[in-house]
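Observations on chain architecture
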Amino acid sequence: MNNLGQMIRIQTTIMRGGTSKGIILRKYDLPSDDEERDELILRIFGSPDNNQIDGLGGGTSLTSKLAIVGPPSRIEAHIDYTFGQVSLENKMIDYHVTCGNIVTAVGLYAAEEGFVALTEPITEVRIFNTNSSKITVVEIPVEEGKIVYDGDFSIDGVPGSSSKIMLNFLDTGGIFTGKTLPTGNASDTITLKDGRAYEVSIVDCSNLVVFVKAEDLGVQCTELQAEMDTNAELNNTLEQIRVEAGIKIGFLQPGQEVKPTTHALPKIALVASPKTYITSSNTLVDHSEIDILSRYISMGRLHKAYAVSGAIALAVACKIPGSIPFSAVRASGDGLSIGHPSGTLYVEADVSKIGADWSVKRAACGRTARRLMDGYSYVPASFLSFKQPYPWLTLPDMS
C-alpha cells in the first residue's frame, strides 16, 4: 500500500442545481458526531479559505454549498436532505438556512440513484428538508423509463438549456419564526444606531428575508456585482439594517457579534419597480419583461442571479398589501417575473390570509440541474483531530 493509505476516502458527488453548485455527501458515509462530521466536511471543501484552493469548494458562496442526503425520516418522503452553507472565511457550516437551487440537484440525484421509482411523464421526488422540516416536491421529466436530460428550458445565469425541473414548495410560511410575517406587520421601521430609519418588510417563507426599497439607499436596483460589492457605504448600511431586523424579530441578540459570513440569516434584498437594465452578460432586459426588480445579498455579497428561496419569499411579499415589495410590483396574476443581475426568474405563489397572518399553500418555480462528477474526496487522516478507527472510516487500498 502506498501513502494514499493514510488518506480518508469519502464518496462524493458534485452537482449543479439552478444557479448554484454543491457537493452531495451521503449521511451514512459521515461521522455521527456533528463536530467531527463538520471538521471532515470543511476539509473536503477547503475551508476556511476564500479561494478554497485546497478543497473542492468553488471560492464563492454560490459554489460552497453542501447537501447531506440519507434515507427518509418521514413516511411521506423519498429522501432526507440537509443543506449547509459552508463558510469561506470561518471554520463553520451554517445549517440554519435553506437553498432551493440545491434541492433541485438533490431531486435529480434521488431519481438517478433509485430512491424513487421512475414514472412517466413526471416522476415526483418528495424531499424532506431537515433544515425547515418541510416537504419539497421535485418534478423530474421521464420518457420511455429514462430521465429526460435534453430540453429547451433555460434559466438566466446558467449557459445552455436542458429539461425543465419544477420545484413545488409546500406550506413554507413561517419556517424559522412560526409566522410568515414575524412581526405581524406588512412593514416595519428599522432605526439604526446613528438615527437613520428605514422602512422594511420582514418575510419568513422558505427563507427569512428583509426587503428594503432601493431608492431609500440611493441605488437603482439595476446595479451589478462590481458596483454593489465595492460600495462599502451601501453594504455597511445594508448589514446594519439586516442585523437590526434580526434583533427585532428575536433571531439575533443585542450585542451579539454578527457578520454576514457567519450569520446567514436573515437575508436582505433590495427591491424597485420595473425598469429597463443591462444584465451581467450584457443583455438588455426591457421593463415590460419583469414585474419587479430585486438585488439579493448572500453572505455579504450580491447574488449573481437570485436565490430560489429568496424568490419565493419575494413572490409571497408581493401578494401582501402594505409590504415594500407590494408597493413596487407590477400588478400580475399567480406568477411573478423577477429582474436580477443575470436576467429574470419566474416564480409562483399561492397565498391567502388566515387570521392575522398569511398562509402559503404552494410556491413553485422551474430550474435545471446536472450531475457533474462522481468519485472520492480525500482528506489526510492526520489532519482530523478525532481518533481512529471509526465505522464510517474508509482507508483506500491502493496497493
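The structure displayed is predicted, hence computed values, not measured ones. (Residues numbered from 1 in each chain as written. Predicted model: local features only at pLDDT ≥ 70, side-chain atom pairs only at ≥ 80, totals over all residues. Heavy atoms only, no water.)

Description of unusual backbone geometry
What counts here: Strands here mean DSSP runs of E at least two residues long; helices mean DSSP runs of H or I at least four residues long; both are numbered from the N terminus.
Geometrically, the link from Ser47 to Pro48 is a cis peptide bond, its omega value of 0 degrees lying close to zero. Turning to its location among the elements, Pro48 is positioned in the loop between helix H1 (34-45) and strand E3 (65-70). In this chain, Glu120 is followed by Pro121 through a cis amide linkage whose omega measures -5 degrees. For Pro121, the location among the structural elements is in the loop between helix H2 (100-113) and strand E6 (122-129). Within the chain, Ser206 stands out as a residue other than glycine whose phi angle is a positive 70 degrees.

Structural notes on the pairing of strand E11 (residues 197-205)
Using the following cut-off: The cut-offs for exposure are 20% and 50% of the maximum accessible area for each residue type, with area from a 1.4 Å probe on protein chains only; residues under the lower value are buried, those over the upper are exposed, and the others partly exposed. A strand pair is defined by DSSP finding two or more bridges across the two strands.
The buried count for E11 comes to seven of nine residues, which makes it a mostly enclosed element. As paired elements, strand E10 (residues 188-191) and E11 share four bridges and run antiparallel to each other. What sits directly across from Thr191, in E11, is Ala197. Remark: five residues form the turn of the hairpin made by E10 and E11, two consecutive strands paired antiparallel; Gly195 in that turn has positive phi of roughly 95 degrees. Here E11 pairs with strand E12 (residues 207-213) via six bridges, running antiparallel. Each residue of the ladder has a partner; that of Val200, found in E12, is Val212. Linkage of E11 to E12, two consecutive antiparallel strands, is achieved through a turn of one residue, within which Ser206 is found at a positive phi near 70 degrees.

A word on the side chain of Asn129
Selection criterion: Contacts are assigned to residue pairs that have any heavy atoms within 4.5 Å of one another.
Note on placement: Asn129 falls in strand E6. Beyond its immediate stretch of four places on either side in the chain, Asn129 contacts Tyr81, Thr98 and Lys134.

A word on the state of the cysteines
Put simply, the rule is: Disulfide: a pair of cysteine sulfur atoms within 2.5 Å of each other.
Under the criterion given, the structure shown has zero disulfides. For the unlinked cysteine Cys99, the closest cysteine sulfur is that of Cys365, found at 11 Å. Given the relative accessible area of 6%, Cys99 is considered buried. In this structure Cys221 is a free cysteine whose sulfur lies 12 Å from that of Cys318, the closest cysteine sulfur available.

Here we look at the confidence of the model for the protein chain
Residues shown with low pLDDT carry predicted positions that ought not to be read at fine detail. Here is the rule we go by: pLDDT gives the predictor's per-residue confidence on a scale running from 0 to 100.
When pLDDT is averaged along the protein chain, the result is 91, and 92% of the positions lie at 70 or above. pLDDT under 50 marks residues 387-392. Its contacts with residues more than four places away, or in other chains, come to twelve contacts.

Some points on the environment of Val219
For Val219, the location among the structural elements is in the loop between E12 and helix H3 (225-229). A relative accessible area of 11% means that Val219 is categorised as buried. Placed 51 residues apart in sequence, Val219 and Leu270 show a C-alpha to C-alpha distance of 9.1 Å. Contacts of Val219, omitting those with residues within four sequence positions, involve Ala214, Leu234 and Leu270.

What to know about the pattern of salt bridges
Inclusion rule: Just to be clear on terms, a salt bridge is a Lys or Arg side-chain nitrogen sitting within 4 Å of an Asp or Glu carboxyl oxygen.
Inspection of the entire model under this criterion finds 14 salt bridges. Residue Arg242 pairs with Glu239 through a salt bridge whose shortest N-O separation is 2.9 Å. Residue Arg242 and its partner Glu239 are both found in helix H4 (residues 232-248); the two are separated by three residues, about one turn of the helix. Close ionic contact of Glu348 with Arg362 constitutes a salt bridge, the shortest N to O distance being 3.3 Å. Taken together, the positions of Glu348 in strand E19 (residues 343-354) and Arg362 in strand E20 (residues 357-367) put the pair 14 residues apart, joining distant regions of the chain. Take Glu348: its relative accessible area is 22%, and that puts it in the partly exposed class. Exposure remark for Arg362: the relative accessible area of 29% places this residue in the partly exposed category. If you follow the salt bridges from partner to partner, you end up with Glu112, Glu113, Arg371 and Asp374 in one network.

Here we look at the environment of Thr183
Applicable threshold: Any pair of N or O atoms that falls within 3.5 Å is considered a polar contact. Within protein, one atom must be able to donate a hydrogen and the other to accept it, and sequence-neighbouring residues count only if both atoms are side-chain atoms.
Positionally, Thr183 belongs in the loop between strand E9 (165-170) and E10. Along the backbone, Thr183 and Gly250 are 67 residues apart, and their C-alpha atoms lie at a distance of 9.8 Å. In this structure Thr183 touches Asp188, Ile202, Lys248 and Ile249, once residues within four positions along its chain are discounted. Polar contacts involving the side chain of Thr183 include one to the main-chain amide nitrogen of Asn185, which spans 3.2 Å.

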